[in-house]
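Listed here are the chains, written in short residue letters.
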Amino acid sequence: MPRPGQVTSSSRERLPDRIAIGVLTRAFPPELVDEVLAATGRVEQRKRLLPARVVVYFVLAMCLFRQEGYEEVTRLLTNGLAWARHWRAQWQVPTTAALSRARARLGAEPVAALFERVATPVATAATAGAWYRGHRLVAVDGTTFDLADTPANGDYFGRPGSSRGDGVSAYPQARVVALAECGTHAIFAATSAPLTTTESKLVPKLWPALAPDMLLLADRALLSFDTWRAATATGADLLWRARSSAVLPVTRQFDDGSYLSEIVAARDKNRRADPATVRVVEFTLGEAATVYRLVTSLLDPEQAPAAELAALYAQRWEIETALDELKTHQGGPNLILRSQHPDGVEQELYGFLLTHHALRGLMHDTAASAETDPDRISFLRTLRVVRRQVTDQAAFSPEPPDASTTVHP
């Protein structure tokens, strides 16, 4: 007999229509996946061995069980079917070739759309370390992912230079930029492009995810007039490091050591007809007394004292940790994405981002229940627990129940 809450299938249903996915369904309910598939035109007109909904969850599991092959990932998903012996039909694990074709049919668009629907900041007003004077702390940064060495990936994404051999790296690389919540490490916006696309050209695509209650932290490579103006237009406040060569004239000195200044576009450097007013905070760190200069849109030193902003800037490194979790812990050492074609690469990247967001959401809720800082919860331990739970959970049907389906209360 099926367990309470499980669904007894008619003989017309097949085993691949029921997949165990464990804790990931908490973040990505089947109903939401169906909505995204419909919105992106992936609703199928006929039954397949691997329906689109199953393939979405396969992509997520593929990124969760990074070290496993396609067929083993499918076996792990079906391990939760403890009562599968009651199915009349026989089912064999699809071949790697069949799973590859199913991924190609699905494409990247539904997985990217699912990320856009689900990936939001997760901190609440009570989340420790997530706020500064009413501002949600977020950071922006970029990284690169090594890709499978195929002609298609090499032609589209490009390769970094190398001092050896023919002067190029062994692996193509994709560039990714992301926005992450500092207090929870939840990545809530991301985009990718070929390696030749610079981070400064990519990050404006992330600005629609900014909100007026946010304080965005960024490193010195990002600071330019146009990027600053576009980011502040969202209503978010900014705290960015400036290059040592940046010209920041003092227009008003404050008692806390900070001062008002202005930045202008390179095209306006002589006339300075359209400046952006900023406040500059300078401080030194380390035995070498390295001078750091921060520029911020928080112009009132009473509302944001210089000493607090100098200390706050260290939170920018939280996005570095989030990206390291994504690549090193979730993906494994020396991660190379397995997809052979650019569309599959994008699909796989969003699969990694989705599973990371689910893990971080779970960690935040666990920390909230324990009334502790999310930073005190181990990402690697959470990852191991979730991997075990995926194979222990009861299955669900990837298709809506019909008249031939009975739900047992």
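Look a little higher up for the structure.
Everything in this summary refers to the structure shown in the same document. This structure is a prediction, so every number in the text was calculated from the model and none was measured.

Along the polypeptide, Ala152 turns up in helix α7 (residues 151-157). For Ala152, a relative accessible area of 27% corresponds to the partly exposed category. Separated by 188 residues in sequence, Ala152 and Gln340 have C-alpha atoms that sit 7.2 Å apart.

A separate point is the pairing of strand β6 (residues 214-218). With five of its five residues buried, β6 lies for the most part within the structure. Both faces of β6 are covered, namely the face carrying Met214, Leu216 and Ala218 and the face carrying Leu215 and Leu217. Where strand β3 (residues 135-147) lies against β6, four bridges are found, and the strand directions are parallel. Pairing of Ala139 across the sheet is with Leu217, part of β6.

Put simply, side chains in a regular strand alternate between the two faces of the sheet. With respect to burial, strand β7 (residues 237-241) is a largely interior element, five of its five residues being buried. Of the two faces of β7, the one holding Asp237, Leu239 and Arg241 and the one holding Leu238 and Trp240 are both buried throughout. Note: β6 against β7, four bridges, orientation parallel. Looking at β7, one finds that Ala218 is bridged to Trp240. In the classification by handedness, the crossover that spans β6, the intervening helix α9 (residues 225-232) and the parallel β7 is right-handed.

Position of Thr127 relative to the elements: it lies in the loop between α6 (109-118) and β2 (131-132). By relative accessible area, which is 10% here, Thr127 ends up buried. Side-chain polar atoms of Thr127 contact the backbone nitrogen of Thr124, separated by 2.8 Å. Here His364 takes part through its side chain, which lies 2.7 Å from a polar atom of the side chain of Thr127.

Once that is clear, we can look at the packing of aromatic side chains. Following the criterion strictly, the structure yields six aromatic pairs and no others. Geometrically, the ring pair formed by Tyr156 and Phe157 is edge-to-face, given 4.7 Å between the ring centres and 85 degrees between the ring planes. Looking at Tyr156, the relative accessible area reads 47%, which means it is partly exposed. Residue classification places Phe157 among the buried positions, given a relative accessible area of 4%.

With that settled, consider helix α3 (residues 52-64). Compared with the 18 Å implied by 1.5 Å per residue over 13 residues, the 19 Å span of α3 between its first and last C-alpha is a close match. Judged by how many residues are buried, α3 sits mostly within the fold: 13 of 13 residues are covered.

Further remarks concern the nonpolar core. Core analysis: the largest hydrophobic core is formed by 81 residues, its most contacted members being Phe28, Leu114 and Ile187. At twelve residues, the largest contribution of residues to this core is made by α3. Discounting chain neighbours no more than four positions away, the residues touching Leu114 are Phe28, Leu32, Val33, Val36, Val56 and Leu354. Counting residues in hydrophobic clusters, the runner-up holds 32 residues, among them Val140, Ala193, Ala236 and Val280.

Turning our attention to the environment of Val281. Mapped onto the secondary structure, Val281 falls in strand β10 (residues 276-285). Residue classification places Val281 among the buried positions, given a relative accessible area of 2%. Each C-alpha atom of the pair Val281 and Tyr259 lies 7.0 Å from the other, and the pair is 22 residues apart in sequence. When near neighbours in sequence (up to four residues on either side) are disregarded, Val281 contacts Ser258, Tyr292, Arg293, Leu294, Ala306, Leu309 and Ala310.

As a further point, take the packing of helix α11 (residues 317-330) against helix α12 (residues 342-369). Taken N-terminus to C-terminus, the directions of α11 and α12 make an angle of 110 degrees; their axes are 11 Å apart at the nearest point. Considered as vectors, α11 and α12 are oriented roughly perpendicular to each other. On α12, the residues that touch Ala322, Glu325, Leu326 and Gln330 of α11 are Phe352, Leu353, Thr355, His356, Leu359 and Arg360. Taken together, the residues of the contact of α11 with α12 sort by class into five nonpolar, three polar and two charged.

Cut-offs used in this document
Residues numbered from 1 in each chain as written. Predicted model: local features only at pLDDT ≥ 70, side-chain atom pairs only at ≥ 80, totals over all residues. Heavy atoms only, no water. Helix = DSSP H or I, 4+ residues; strand = E, 2+ residues; numbered from the N terminus. Buried < 20%, exposed > 50% of the residue type's maximum accessible area, 1.4 Å probe, protein only. Pairing = 2+ DSSP bridges. Right-handed = clockwise from strand over helix to strand, strands pointing away. Polar contact = N/O pair within 3.5 Å; in protein donor to acceptor, adjacent residues only side chain to side chain. Phe/Tyr/Trp six-rings, centres within 6.5 Å; stacked < 30°, edge-to-face > 60°. Expected span 1.5 Å × (residues − 1). Core = buried A, V, L, I, M, F, W, Y, C linked by side-chain atoms within 4.5 Å. Contact = heavy atoms within 4.5 Å. Axes fitted to C-alpha atoms, helices over the stretch in contact; angles between N-to-C directions. Parallel < 35°, antiparallel > 145°, perpendicular 65-115°, else oblique. Nonpolar A, V, L, I, M, F, W, Y, C, P; charged D, E, K, R; others polar.

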